[in-house]
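Geometric and topological summary
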Amino acid sequence: MWRRVASLSRTISSSSSRSLSRNQAAFGLSIRESYATEISKPEEGVLPPKEKAPFITFVLGGPGSGKGTQCEKIVETFGLTHLSAGDLLRREIAMHTKNGAMILNLIKDGKIVPSEVTVKLLQKELESSNSSKFLIDGFPRTEENRVAFERIVGADPDVVLFFDCPEEEMVKRVLNRNQGRVDDNITTMKKRLKIFEALNRPVIDYYKNKGKLYTINAIGTVDDIFKQVLPIFTPFQEQLKQSRHAM
Ligand SMILES: Nc1ncnc2c1ncn2[C@@H]1O[C@H](COP(=O)(O)OP(=O)(O)OP(=O)(O)O)[C@@H](O)[C@H]1O
Ligand SMILES: O=c1ccn([C@@H]2O[C@H](COP(=O)(O)O)[C@@H](O)[C@H]2O)c(=O)[nH]1
Ligand SMILES: [Mg+2]
């Protein structure tokens, strides 16, 4: 992905060029470096810079399917950095930012926040992090989210986890969660479930067709479920050990 963008850099428009520089800034690749790699000959004896991409896992599943709970365990075991899209949005509400009130109204109603807002929040976290391996929890919620992330951040996930949980179990878990969330009530929960089926399913299907989807049966104890998650990351262990990985 990164190499393809960089190699097109001579012909891209100024707006693409801006997004290229954003992508590169995020992962330590300057425009000058990308030209050095792709277009001009590197000086003798100077190694061309390695192009690096972050390791990204998207974590999908209905409301209350256990995404956040399993993310904690993945972080403990594999050291990925956890970015929960919902938590980032809730932080905007708590900080009374300019989008805070709008986000609160949408979350109360179980609706999806405009892609631009969520992707910018994720992008800021990705850019400012020293990590290069991320668990992006509860995102993308819609096909539009997915396309916006690809366009703005310029990255594709390496792994997509889907926690598959029956609705009755998700309702039970959410109503017992007790964390004071404005959307943890039966009225909003019904709306969230409908939105999940209508808008998130197509994203799940998209990654299934791309061969990136790992479906996990989300019924059982937290440890039983994590036993299904562990082997998914085993093939990536070498990549995850390094602080950054090359394309
Ligand atoms: N395997 C499990 N069995 C029973 N309860 C669970 C299990 N996993 C998580 N829970 C509980 O269910 C509730 C929802 O879990 P969690 O917050 O991880 O779900 P989530 O998918 O992140 O939900 P949301 O999309 O609403 O953020 C929490 O109270 C959590 O402690
Ligand atoms: O990408 C996202 C993620 C979340 N939302 C909104 O937040 C709530 C809660 O999200 P959780 O992942 O369950 O914490 C969700 O129902 C949406 O209203 C969003 O719009 N976009
Ligand atoms: Mg969660």
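Predicted model, so just to flag it, every value in this text is computed and none were measured.

1. Some remarks on the overall build of the chain
Helix and strand content of the chain: 12 helices and 7 strands. Across the 247 residues in the chain, those meeting the buried criterion constitute 44%. Per element, the accessible surface of the chain, about 12900 Å² overall, is 52% carbon and sulfur.

2. Thoughts on the site of ligand 2
Surveying the vicinity of ligand 2 reveals 16 residues, the closest of which are R90, K111, V113, R141 and R181. Contact distances for ligand 2 include 2.7 Å between an oxygen atom and a backbone N or O atom of V113. Notes on ligand 2: free accessible area 450 Å², of which the protein chains cover 96%. Take the shell around ligand 2: its biggest share by element is 4 residues, from helix α5 (residues 85–94). Among the residues forming the shell around ligand 2, the class breakdown is 6 nonpolar, 4 polar and 6 charged.

3. Quick look at the UniProt feature "binding site: a ribonucleoside 5'-phosphate" (unreviewed entry) in the chain
Taking the UniProt record as the reference, the feature "binding site: a ribonucleoside 5'-phosphate" (unreviewed entry) is found at R90, K111, I112, V113, G138, F139, P140, R141, R181 and R192. Here G138 is to be found in the loop between β4 (133–137) and α8 (143–152). According to the relative accessible area criterion, G138 is buried, its value standing at 6%. If near-sequence neighbours (up to four positions away) are discounted, G138 is found in contact with V59, K67 and A85. Structurally, the position occupied by R141 is in the loop between β4 and α8. R141 has contacts with I112, L199, N200 and V203, leaving out every residue within four places of it along the chain.

4. Observations regarding the sheet that holds strand β6 (residues 213–217)
Whether parallel or antiparallel, the strands of a sheet pair through hydrogen bonds between backbone atoms. Strand order in this open sheet of 5 strands is β3-β4-β2-β5-β6, and the pairing throughout is parallel. Pairing within the sheet leaves two strands with one partner each, and these edge strands are β3 (81–84) and β6. Strand-to-strand twist of the sheet, defined as the mean angle between neighbouring strand axes without regard to direction, takes the value 20°. Across 5 bridges, strand β2 (residues 55–61) lies against strand β5 (residues 159–164) in parallel orientation. Looking across to β5, one finds that T57 is bridged to V159. Contacts from helix α4 (residues 67–78) reach β2, β3, β4 and β5, with the element oriented near 170° to β4.

5. Regarding the environment of R146
Topologically, R146 is positioned in helix α8. Here R146 is in contact with P140, V203, Y206 and Y207, once residues within four sequence places are set aside. Looking at R146, its side chain comes within polar contact range of the side chain of E143, at 2.9 Å.

6. Overview of the environment of H82
Examined against the element boundaries, H82 turns out to sit in strand β3. With 10 residues separating them in the primary sequence, H82 and E72 have C-alpha atoms 7.8 Å apart. Leaving out residues up to four positions away in the same chain, H82 has contacts with C71, V75, L135 and D137. At a separation of 2.9 Å, a polar atom in the side chain of H82 contacts the side chain of D137.

7. Some details on the UniProt feature "binding site: CMP" (unreviewed entry) in the chain
UniProt records the feature "binding site: CMP" (unreviewed entry) for N145 in the present numbering. Assignment of secondary structure puts N145 in helix α8. On the accessibility criterion, N145 (2% relative accessible area) is buried. With near-sequence residues (within four places) excluded, N145 lies in contact with I112, V113, S115, V119, F139 and P140.

8. Some details on the site of ligand 1
In the vicinity of ligand 1 there are 16 residues, among which K67, T69, R177, R192 and G220 approach most closely. R177 is positioned with one of its side-chain polar atoms (N or O) 2.7 Å from an oxygen atom of ligand 1. Protein contact buries 76% of the 630 Å² of open area that ligand 1 shows by itself. Within the residue set of the shell around ligand 1, elements represented by two or more residues are α4 and α11 (222–233). Sort the elements by how many residues they give to the shell around ligand 1 and α4 lands first, with 3 residues. Considering only residue class, the shell around ligand 1 consists of 3 nonpolar, 8 polar and 5 charged.

Conventions used here
Residues numbered from 1 in each chain as written. Chains lettered and ligands numbered in written order. Predicted model: local features only at pLDDT ≥ 70, side-chain atom pairs only at ≥ 80, totals over all residues. Heavy atoms only, no water. Helix = DSSP H or I, 4+ residues; strand = E, 2+ residues; numbered from the N terminus. Buried < 20%, exposed > 50% of the residue type's maximum accessible area, 1.4 Å probe, protein only. Areas by Shrake-Rupley, 256 points an atom, 1.4 Å probe, with all protein chains shown as cover. Near = heavy atom within 4 Å. Polar contact = N/O pair within 3.5 Å; in protein donor to acceptor, adjacent residues only side chain to side chain. Nonpolar A, V, L, I, M, F, W, Y, C, P; charged D, E, K, R; others polar. UniProt positions renumbered as here; feature names shortened; annotations may be inferred. Contact = heavy atoms within 4.5 Å. Pairing = 2+ DSSP bridges. Axes fitted to C-alpha atoms, helices over the stretch in contact; angles between N-to-C directions.

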